[in-house]
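Per-entry structural report
So the chains spell out like this:
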Amino acid sequence: MSDVKDPAFPSSELLSVLAEQFSKASEAEKKAQIKKTNGIFELRIKNKEGKEGVWTIDLKKEGKVYKGPAKPKADVALSLNDATFKELADGKLNGQKAFMTGRLKVKGNVMLATKLDNVLKQGKSKM
Amino acid sequence: MAFQAMMSGGADCSTSANPLSQMLKHTEQDRSLQRDRMVPGAPGASLRHLPSTSSAAPLDARDRTLADQFFQAGPGPSASPSPFALESMRRELDGIGAGPAPRAGDWAGDFTRAGSPWTAAQTPGLTPQEREAMERSFQEAKLHEAHHVAQHQSAWRADFLQNQQHITPATAAGPHSAAFEQAFNRSFNWDQHFTMHNAKGKGKARLVELDDSKWEEQFAQFTSTAEPAAVSASATRIAAVDEDKALEAAFKDALKKEGLDVEKDPDYLAEFENVWNTLRQEGEASNPNLADWEREFSGEMARVREDMEDGLGRVGEDGFPRLGEYRFELNNPYLSHPDPLTEGHRLLRTGGALSEAALAFEAAAQREPSNAEAWLWLGNTRAMDEKEEAAIRALERCLREDEGKLEALISLAVSYTNEGYDTAATSTLERWITRKYPTLAKAPSAAPPSASLNPWASHERVTDIFLSVARAQSTGELDPDVQVGLGVLSYSTGNYDQARDCFAAALGARPEDWLLWNRLGATLANGGKPEEAIDAYRKALELRPTFTRAIYNLGVSCLNIGCYQEAAEHLLAAISLHQTGDGQAVNESQSLWQTLRRTFFAMDRQDLAALAVPGSSVEEFRKHGFDF
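These notes cover the structure that comes with them. For clarity, every value in this text was computed on a predicted model and none was experimentally measured.

Attention now moves to the overall build of chain A. Scanning chain A from N- to C-terminus turns up 6 helices and 5 strands. Overall, chain A shows an N-to-C arrangement of helices and strands of α-α-β-β-β-β-α-α-β-α-α. Across the 127 residues in chain A, those meeting the buried criterion constitute 56%. Nonlocal contacts in chain A, meaning residues at least 24 apart in sequence, comprise 61% of its contacts between residues at least 6 apart. When the accessible surface of chain A is summed, it comes to about 5400 Å², and 53% of that surface belongs to carbon and sulfur atoms.

Below you can see the structure in the form of structure tokens.
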């Protein structure tokens, strides 16, 4: 999705991939993911220049990813910088470590923060 | 002094450097007594850890009269007409900000005010160990209480009323009593408050959420209103007030720094709604500020309520999925079998198809719904067959029939983790370890960090428990399940290296356990080592060739390394294992079809992706050149 990606934020590439995955998913898949996650995540990402961009991952009402603040309202707002988000999405860093080291700030329904790792990772192996 | 202690934290602080959470953690301890009263879910369990009457601070005559006075008195001699001192609350509100900030009424503040002497360890009463014990038993009780709400409401109320006497002596002793009692009378009505909480009928866990931050403020503001009355008090009293003010200031700062993030938690809101409605009725005329956030609040409430009533499939506030009852297959040939449970085991032993074995176990469960063993094996088989939701339903039912079935707890924790219900997995593992190692699990450890700000607080706590048990076993006999539990905990936070070590250790003790080989494989795969993962899956399949889940995982790993053809073939093989009979099964595996579709997209074959929907026949795909 061209409107999700923002060249000033390299990590937004991953968000646009996520957006594409959601749009390609079937209704049943989307519904299942929504039921499991049941939350609207607002990502406030700050890039190297200090600019802040906001994206929303809606896994509560519609099952999509878009640029801009949450409509109607986010359940949890996560503040992190571009590099941190990239590492999270790549799996190099997990939510807990990011939080512990202060690279991830959480506001709102904190329990949803623990779900972020799952949301970013599609197609996990099963134990 | 107490304030300093709180701020510097000490050895038992959480890893978070947040002063707010440290404060909250500290003050959480104080409420342990209160919480024990309110948790009837395991009244025996929680009360067991309470100090018996004989060991509590001895009630002297003066304290007893004070206690009686305080509990029987209605609104006391002060000027405020309302039992809830709304104007001071509103002042607090204005001071804090415009966010929706429901205050649970002064009772919480008052109780905490009562708690403050404990914090400072200034009064006799519970020793820190006893407090810890209560805290821990409360935590355990909290885990159990999710399903025990309704029938215990009256029980805990009676319990609480009986035990009120215990609370007062500790807090009313000495020069504090007069001012305390007076202030308490002025702005509190215990009965009414607890009735309200009862009426709401949510899990008692709500009460814990309530406590987290609001009462601190109320306590602070309450202290400021109580100050005039305390002028004649002793030096200790004055010192306490100073501490309180400093606390209040620091707390406000910390809150502002955090941006009041706890405000928006629907858990708090759910509980506060009821309290607030009652407050509104009894309170003063409406104030424009009140109306604003009230509106926002009821908007939030409507949303939360709607979510909660949505029923099946939604995640509850406690992090557990609401999947409902198990759904049996129709046309089950094993229903007429004389002993389906044994037959199911035989099928598993002889390497039969997992779907067949599952049908046999379903028959067993249908015939004997109270047989936890049948449900356990039904759940395990469904999990192996890559049908996670069915597995979760069966395992949850198993635990409802027999909450002591340890193997079910482990399997369920694994299933929860696979589906992303991390909080539920952590709670389930905690249940397991406290059941299996009650002495070790209850060992005095670091005070539980505040759950409200650190999303991973309970996870860390449970991991610590597992680690201490594992360490205790490092010299003697290792329990592979402890390693499995640790592995699952590490896996859920993405700590795949540690998880791998745990599963490898478990495999050392159980080298023929195909489930463990698959778990090791999944850990390696998610940890970014697909080739090693594939080796582990192959080992699992050597031990059990019909292990559908391992075949699915093979497909996922092949997909990740770019071997799309192979990936599709593995997935199709897994699906074909499912399609034993005619027609679509009740318990379909969404994950198999979804991953197959992703594979086809990766191959740029939209046509095949369109065909890959639940209910299609796999035979179709043979025509397209897939060999399975």
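Note on strand geometry: in a regular strand, side chains alternate between the two faces of the sheet. Residues and elements named next belong to chain A. Judged by how many residues are buried, strand S1 (residues 39-46) sits mostly within the fold: 6 of 8 residues are covered. Two elements, S1 and strand S2 (residues 52-59), share 8 bridges in a ladder whose sense is antiparallel. Bridging from a neighbouring strand, Ile-45 pairs with Gly-53 of S2. Here S1 folds back onto S2, and the loop between the two strands holds 5 residues, one of which, Gly-50, carries a positive phi near 95°.

A few words on the interface of chain A and chain B. Tallying the contact residues gives 35 residues for chain A and 58 residues for chain B. Here chain A meets chain B over a buried area of about 4000 Å², counting both sides, of which 51% is carbon and sulfur. In terms of surface lost to chain B, no three residues of chain A exceed Ser125(A), Lys126(A) and Met127(A), which account for 23% of the buried area on that side. Along the contact surface separating chain A from chain B lie 9 residue pairs in polar contact (both at pLDDT 80 or more).

The subject of this paragraph is the nonpolar core. With 98 residues, the main nonpolar core has Phe466(B), Leu596(B) and Phe600(B) as its most contacted residues. Considering every element that reaches this core, the biggest residue donor is helix H18 (residues 354-367) of chain B, with 9 residues. Ignoring anything within four residues of it in the chain, the contact list for Phe600(B) reads Ala568(B), Arg605(B), Leu608(B), Ala609(B), Ala612(B), Phe621(B) and Phe626(B). Phe9(A), Ala19(A), Ala98(A) and Val106(A) belong to the second largest nonpolar core, which has 31 residues in total.

With that out of the way, let us pick up the packing of helix H24 (residues 457-473) of chain B against helix H25 (residues 480-492) of chain B. All names here are of chain B. In the contact formed by H24 and H25, the axes pass within 10 Å of each other and the chain directions differ by 150°. Crossing geometry of H24 relative to H25 is assigned as left-handed. Across the interface between the two elements, His-459, Val-462, Thr-463, Phe-466, Leu-467, Val-469, Ala-470 and Gln-473 of H24 pack against Val-482, Gln-483, Gly-485, Leu-486, Leu-489 and Ser-492 of H25. When the residues that make up the contact of H24 with H25 are grouped by side-chain class, the tally is 8 nonpolar, 6 polar and no charged.

What counts and what doesn't
- Residues numbered from 1 in each chain as written.
- Chains lettered and ligands numbered in written order.
- Predicted model: local features only at pLDDT ≥ 70, side-chain atom pairs only at ≥ 80, totals over all residues.
- Heavy atoms only, no water.
- Helix = DSSP H or I, 4+ residues; strand = E, 2+ residues; numbered from the N terminus.
- Buried < 20%, exposed > 50% of the residue type's maximum accessible area, 1.4 Å probe, protein only.
- Contact = heavy atoms within 4.5 Å.
- Areas by Shrake-Rupley, 256 points an atom, 1.4 Å probe, with all protein chains shown as cover.
- Pairing = 2+ DSSP bridges.
- Buried area = accessible area lost by both parts, 1.4 Å probe.
- Polar contact = N/O pair within 3.5 Å; in protein donor to acceptor, adjacent residues only side chain to side chain.
- Core = buried A, V, L, I, M, F, W, Y, C linked by side-chain atoms within 4.5 Å.
- Axes fitted to C-alpha atoms, helices over the stretch in contact; angles between N-to-C directions.
- Left-handed = near helix turned anticlockwise from the far one by under 90°.
- Nonpolar A, V, L, I, M, F, W, Y, C, P; charged D, E, K, R; others polar.

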